[in-house]
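Secondary and tertiary structure notes
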Amino acid sequence: MNYSSTFKDLKGPKGKLLVGNVLDLDKDRLHLQYEDWGNEFGKLYRLKFLTTPVTVSTDPDFNAYILKNRPKKFRRLSKLAEVINDVGVEGVFSAEGDDWKKQRRVTQKALDKRHVEAFFPKIIQVANRLDNYWSNSLKSDPNHPHLTQDFIRATIDVTTNLAFGYDMNTVENSENTTQQHVEKIFPKINQRINSPFPFHKYFKSKSDKDFEVSMSYLKEVLGEIISETQKLLDENPELKEKPTNFLEAMLASQEKDNPFTWDEIFGNLYTMLLAGEDTTSNTLTWTTYFLAKYPEVQDKIRAELKDVIGEDGFQSLDQLKELKYINAVMKEVSRLKPVTPNLYMQANEDVVINDIFFPKDHFFILQLSAAARSEEFFEEALDFIPERWITEPSVNNTCPYSGHIKKEDAAKPFGGGPRLCPGKYLAEVEFAVFLSTLVNKYQIRFSSEKDEVEELFAFTMQAKNLNVIMSVLPINDKQEVDNYNLSNA
Ligand code: HEM
């Protein structure tokens, strides 16, 4: 192998004897700390967690190389996979090699465009329930402040309907506590990944015990869904040949070569539930922040809805493609507030990237938010400008200043390469439908003048201290929207 330097030559913050940089980590704002260090030490820099050397990359080309060269040259960090598997969420996200290929095939098929399109009426049904729920809640609580929880419930309902063929209806069923249990999983996984030692194996804290209660609750719920689906397959054997959703496909494999194990079935149901819920609901929550900060964005969305959807509401998925401004809002929110800002990878073999040598098993942190918010790739990078994503086909869609990198490559909220998020299309559809439902009838604003929102890293990146409330849009504003001309905005 030819190279002119190794990872040991990279600069980085000075660590402490024995522990390296572990004690310097600001766990609640890890992604911001990695961004700051990137500004200080360069796009590639070195850290040490106890005795383990780590390379952090904020370089989109370097990140793209690693994302693209999976599963052969790189894998997800083995410690991450161990923590995820240890809590029982052993699915496509943590799998590698042939196991991953097998699980990816069925996951990707369940979430492909054809399935999402066939399922569109159900997404609309969930959105209508959300709308009813909001309009009723606002009667008793004129400034409804629970938007994050509402989005979590809506995304849980979509995933369980689409992937498991099961209508959980957590939006209307306030007794259903699934959302509260699901919410505990990512923060716990995050805590365990960042813990230098698996203390929970020897001593269970109160939060470990709470977490176990939540996991057994979810196991019971998923167990019931599995039993009902198995009964359905037994009564309708034709479904075993032509399964209509993810769970049916996994159960149908029991009677074929190379069946999924029960751990894989449970693990993938958890994976779907988690991967589909936390990311999409946090992106929607961050969107409400920008809606409150820039009320004119709400007006533009309403104008576009009026143009494209009209009075009759969504009729088909084709209308979504015409919602160019709403799609641009999602891209801009995901650029400025990417909910998965750090991806953890590991080398399967010795590799040379950018003329630098990294040994087998080397640990990489791909930091995605630094490039997405950098002036190097985006003009007025810290400003919220959805229009930057609306380009005419004739206009060259590259970032200003970057020369060769496309905007999409500098901001990669869904990862990339063969393990690109398979739920991307579903997430885009959910985003457009739920955001339209919200903005069409309701007004979003801050509950106080102080904007104290903070980015909290808990494996996904969440909005802390977000003081956003909603109220029914006054009739007058609706009339004004009728006269609002999007093209002049
Ligand atoms: C705004 C919403 C979402 C964001 C930002 C997001 C982001 C991501 C990212 C960054 C990854 C890692 C990709 C990589 O390693 O290159 C990922 C993986 C994954 N996502 Fe999403 N996701 C979203 C919604 C969804 C939805 C709705 C589902 C399904 C219901 C889903 C299912 C998955 C699965 C199963 C994986 C693992 C794929 C694999 O390892 O092969 N995601 N997502």
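None of these values were measured; they are calculated from a predicted model. Along every chain, residues carry numbers that run from 1 in the direction the sequence is written. Under the rules for a predicted model, residues below a pLDDT of 70 receive no local features and side-chain atom pairs below 80 are neither given nor counted, while totals for whole chains, interfaces and linings still include all residues.

**Side note on the nonpolar core**
Taken as a class, soluble globular proteins show a tendency for nonpolar side chains to be buried jointly. Judged by nonpolar contacts, the single largest core of 107 residues is most densely connected at Phe 246, Met 250, Leu 269, Leu 274, Ile 326, Phe 434 and Leu 435. Counting from the N terminus, the helices are the DSSP runs of H or I reaching at least four residues and the strands are the DSSP runs of E reaching at least two. Looking at which element gives the most residues to this core, the answer is helix α13 (residues 262–293), with 13 residues. When sequence neighbours within four positions are dropped, the list of residues in contact with Leu 435 reads Leu 284, Thr 287 and Ile 326. Any nonpolar core is a set of buried residues, restricted to Ala, Val, Leu, Ile, Met, Phe, Trp, Tyr and Cys, that join up through C-beta atoms within 7 Å. Here a residue counts as buried when 20 or more other C-beta atoms sit within 10 Å of its C-beta, as exposed when there are 12 or fewer, and as partly exposed otherwise, the C-beta atoms being derived from the backbone. Ranked by size, the runner-up nonpolar core spans ten residues in total, among them Leu 30, Tyr 45, Leu 47 and Val 339. The contact rule is simple: place each C-beta atom from the backbone, and if two of them lie within 7 Å, those residues are in contact.

**Re the site of the ligand**
By definition, a residue lies near a molecule or strand when the C-beta atom built from its backbone is within 6 Å of it. In the vicinity of the ligand lie 28 residues, with Gly 276, Thr 279, Gly 415, Cys 421 and Gly 423 positioned nearest. Only α4 (97–110), α13 and α19 (424–441) provide two or more residues apiece to the shell around the ligand. Counting residues per element, the shell around the ligand draws most heavily on α13, which supplies seven residues. Residues that form the shell around the ligand fall into these classes: 15 nonpolar, eleven polar and two charged. Just so you know the grouping, Ala, Val, Leu, Ile, Met, Phe, Trp, Tyr, Cys and Pro go in nonpolar, Asp, Glu, Lys and Arg go in charged, and all remaining residues, Gly too, go in polar.

**Some points on the UniProt feature "binding site: heme" (unreviewed entry) in the protein chain**
UniProt positions are given in the numbering used here, feature names are shortened, and annotations may be inferred rather than shown by experiment. Look at the UniProt record and you will see "binding site: heme" (unreviewed entry) annotated at Cys 421. Using a count of 19 C-beta atoms within 10 Å as the deciding quantity, one classes Cys 421 as partly exposed. Excluding residues within four positions of it along the chain, Cys 421 makes contact with Phe 414 and Gly 415.

**Here we look at helix α3 (residues 78–86)**
Turning to α3, its buried residues are Leu 80, Val 83 and Ile 84. The buried side chains of α3 occupy one side of the element, clustering within an arc of 95 degrees when seen end-on. Of the surrounding elements, those touching the buried residues of α3 are β4 (74–76), α9 (185–194) and β5 (342–347). Immediately downstream of α3, the backbone of Gly 88 shows phi near 95 degrees, a positive value. Note that the arc is defined by the directions from the helix axis to the C-beta atoms.

**Observations regarding the environment of Leu 25**
Take Leu 25: it is sitting in the loop between β1 (5–6) and α1 (30–41). A tally of 16 C-beta atoms within 10 Å means that Leu 25 is categorised as partly exposed.

**What about α4?**
Helix span, as expected, comes to 1.5 Å for every residue beyond the first. Relative to the 20 Å expected for 14 residues at 1.5 Å per residue, α4 spans 20 Å between its end C-alpha atoms, a close match to the ideal helical length. Listing the buried residues of α4 in full gives Trp 100, Gln 103, Val 106, Thr 107 and Ala 110. The inward-facing, buried residues of α4 contact α5 (113–118), α7 (147–164), α12 (246–252) and α13.

**Points about the environment of Phe 384**
Locating Phe 384 in the fold gives a position in the loop between α17 (369–372) and α18 (407–410). A sequence separation of 94 residues divides Phe 384 from Phe 290, and the C-alpha atoms of the two residues are 7.8 Å apart. If sequence neighbours within four positions are ignored, Phe 384 has contacts with Phe 290, Tyr 294, Glu 332 and Leu 336.

**Points about the sheet that holds strand β3 (residues 52–57)**
Within a beta sheet, neighbouring strands are joined by backbone hydrogen bonds and run either parallel or antiparallel to one another. Any two strands with at least two DSSP bridges between them are considered paired. Ordered in space as β2-β3-β8-β5-β4, the five strands form an open sheet in which the pairing is mixed. Looking at strand neighbours, the two that pair on one side only are β2 (44–49) and β4, the edges of this open sheet. Across the sheet, the axes of successive neighbouring strands diverge by a mean angle of 35 degrees, strand direction being ignored. Taken together, the five bridges between β5 and strand β8 (residues 363–367) define a ladder with antiparallel strand orientation. Each axis is a line fitted through C-alpha atoms, and for a helix only the stretch in contact is used; angles between axes span 0 to 180 degrees, taken between their N-to-C directions.

**Things to note about the packing of α13 against helix α16 (residues 324–336)**
When two helices pack together, their arrangement is given by the angle between their axes and by how far apart the axes lie. Two elements in contact, α13 and α16, have axes whose closest approach is 10 Å; the angle formed by their N-to-C orientations is 100 degrees. If you check the angle between α13 and α16, you find them roughly perpendicular. For the pair formed by α13 and α16, the contact residues are Thr 283, Trp 286, Thr 287 and Phe 290 on the first element and Val 329, Val 333 and Ser 334 on the second. Here the residues of the contact of α13 with α16 sort into four nonpolar, three polar and no charged. Orientation labels follow simple angle bins: below 35 degrees gives roughly parallel, above 145 gives roughly antiparallel, 65 to 115 gives roughly perpendicular, and whatever is left gives oblique.

**Section: unusual backbone geometry**
Apart from glycine, the bulk of residues carry a negative phi angle, and the bulk of peptide bonds sit in the trans form. The step from Arg 70 to Pro 71 runs through a cis peptide bond, and the omega angle for that step is 0 degrees. Of note, Pro 71 is situated in the loop between α2 (60–68) and β4. With a phi close to 55 degrees, Asn 258 is a non-glycine residue in the positive phi region. As for its placement among the helices and strands, Asn 258 is situated in the loop between α12 and α13.

**Some details on the packing of α3 against α9**
Where α3 contacts α9, the two axes come as close as 10 Å, and the packing angle between them is 135 degrees. In this view, α3 runs oblique relative to α9, as classed from their interaxial angle. For the pair α3 and α9, the crossing hand works out as right-handed. For the pair α3 and α9, contact is made by Lys 79, Leu 80, Val 83 and Ile 84 and by Ile 189, Arg 192 and Ile 193, respectively. Split by residue class, the contact of α3 with α9 holds five nonpolar, no polar and two charged. Here a crossing is taken to be left-handed if its near helix is turned anticlockwise relative to the far helix by less than a right angle, and right-handed if that turn runs clockwise.

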